[in-house]
Amino acid sequence: MTAQQKPPVQSAPSQSPASQSLASQSARPAAFVDAATVVPGLVVDMRYFGTQNFVGAHVDGYEAPVCVLTHQAASALAAVQRDLKPRGLGLKVFDCYRPARAVRHFVRWARGSDNSTKAEYYPHVAKSNLFREGYIASRSGHSRGSTVDLTLVRLSDNQELDMGTPFDFLSPQSGQHGKVSAQARVNRKILADAMRARGFLPYDKEWWHFTLRNEPFSNTYFDFPVR
């Protein structure tokens, strides 16, 4: 989702020369995979490849609408998908691995004067406060490859469940204590419980955001393009 830095890592760790070289390569590393090839029935709606997002534009680094994740994160997500199937539910992803260049695009946007998407995406937060309130940051856990933004869909028609707010709605309503309907709270809990059961940690400001607890590249921020 947004470029914020998420728990459990709150500050950017120093990187070894090896991790720095990994981060700068242009080809997809062998440790990463197209998650749709691992997660049967995964619905992919990569918002930053298009213009339906809080920036209102195609975001740097997204050359194809592909959900790229580390093998470990994709395998864990496949387990979540299997767990949800008996309930008639499945997963829909909005963002997965995010190149560092995309995060820089977010930062430039956040420091600019364009407020054309405010009514739809951040009506309750001043753009100047998006950094301070944790919605935008100079580094994102997504760039480590084991963080995913997603929601639940009905398997019968791929329709999204009501979560109270849309994806990327930058507002306290999207957080753990946001004021939403009872059904939306139930749906958020189904998603969070399913993700936790397979080793993903939630982010309390965004119901859609989860990071694999034992992520393989906790100190490395990659910048290869999504293709």
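Here's what I pulled together on the structure shown here. All values reported here derive from a predicted model rather than from experimental measurement.

Calculation rules
Residues numbered from 1 in each chain as written. Predicted model: local features only at pLDDT ≥ 70, side-chain atom pairs only at ≥ 80, totals over all residues. Heavy atoms only, no water. 1 Å grid on protein atoms, 1.4 Å probe; cavity = no way out; pocket = protein on both sides within 12 Å on 5 of 7 lines; lining within 4 Å. Points joined across faces, edges and corners; volume = space filled by probe spheres on them. Helix = DSSP H or I, 4+ residues; strand = E, 2+ residues; numbered from the N terminus. Expected span 1.5 Å × (residues − 1). Buried < 20%, exposed > 50% of the residue type's maximum accessible area, 1.4 Å probe, protein only. Polar contact = N/O pair within 3.5 Å; in protein donor to acceptor, adjacent residues only side chain to side chain. Contact = heavy atoms within 4.5 Å. Pairing = 2+ DSSP bridges. Axes fitted to C-alpha atoms, helices over the stretch in contact; angles between N-to-C directions. Disulfide = S-S within 2.5 Å.

### Let's talk about the layout of surface pockets
Empty space left among the atoms is revealed by rolling a probe the size of a water molecule over them.
Item 1. In this model, the largest pocket occupies a volume close to 310 Å³.
Item 2. Q176, R188, K189, A192 and R196 are, among the 18 residues lining the largest pocket, the residues nearest its centre.
Item 3. At the level of elements, α5 (182-197), β6 (200-203) and β7 (206-212) are the ones that each hand at least two residues to the lining of the largest pocket.
Item 4. Tallying contributions element by element places α5 first for the lining of the largest pocket, with 7 residues.
Item 5. Roughly 180 Å³ of internal volume is contained in the second largest pocket.
Item 6. Every residue lining the second largest pocket is counted, 16 residues in all, and those nearest its centre are R47, E160, T165, P166 and F167.

### Focus on helix α3 (residues 100-111)
Item 1. Between its first and last C-alpha atoms α3 spans 17 Å; for 12 residues at 1.5 Å apiece the expected length is 16 Å, and the two agree.
Item 2. Within the span of α3, buried status applies to A100, A102, V103, H105, F106, V107, W109 and A110.

### Overview of the side chain of S143
Item 1. In this fold, S143 is placed in the loop between α4 (118-121) and β5 (147-154).
Item 2. On the basis of relative accessible area, S143 is assigned to the buried category, the value being 1%.
Item 3. Here R98 takes part through its backbone oxygen, which lies 2.7 Å from a polar atom of the side chain of S143.
Item 4. Apart from the residues lying within four places of it in its own chain, the contact partners of S143 are Y97, R98, P99, A100, V103, T220, Y221 and F222.

### A short note on the sheet that holds β7
Item 1. Here we have 5 strands laid out as an open sheet, ordered β2-β4-β5-β7-β6, and mixed in their pairing. Each having just a single partner strand, β2 (43-44) and β6 make up the two edges of the open sheet.
Item 2. As paired strands, β2 and strand β4 (residues 89-95) are joined by 2 bridges and run parallel to one another. For V43, the partnering residue across the bridge sits in β4 and is K92.
Item 3. Packed on one face of the sheet, helix α2 (residues 71-84) meets β4, β5, β6 and β7 and runs near 145° to β4.
Item 4. Against the sheet, α5 makes contact with β4, β5, β6 and β7, and its axis sits at roughly 125° relative to β5, the strand it touches most.

### Quick word on the state of the cysteines
Item 1. Within this structure, the stated rule accounts for 1 disulfide.
Item 2. Residue pairing for C67: its cysteine sulfur links by disulfide to C96, the two sulfurs lying 2.0 Å apart. Taking the torsion about the sulfur-sulfur bond, which here is approximately -100°, the covalent link between C67 and C96 counts as left-handed. Within this pair, whereas C67 is found in the loop between β2 and β3 (68-70), its partner C96 is found in the loop between β4 and α3, the two being separated by 29 residues in sequence. As far as the burial class goes, C67 and C96 line up, both buried.

Such coordinate-based values are descriptive only and should not be taken to indicate function.
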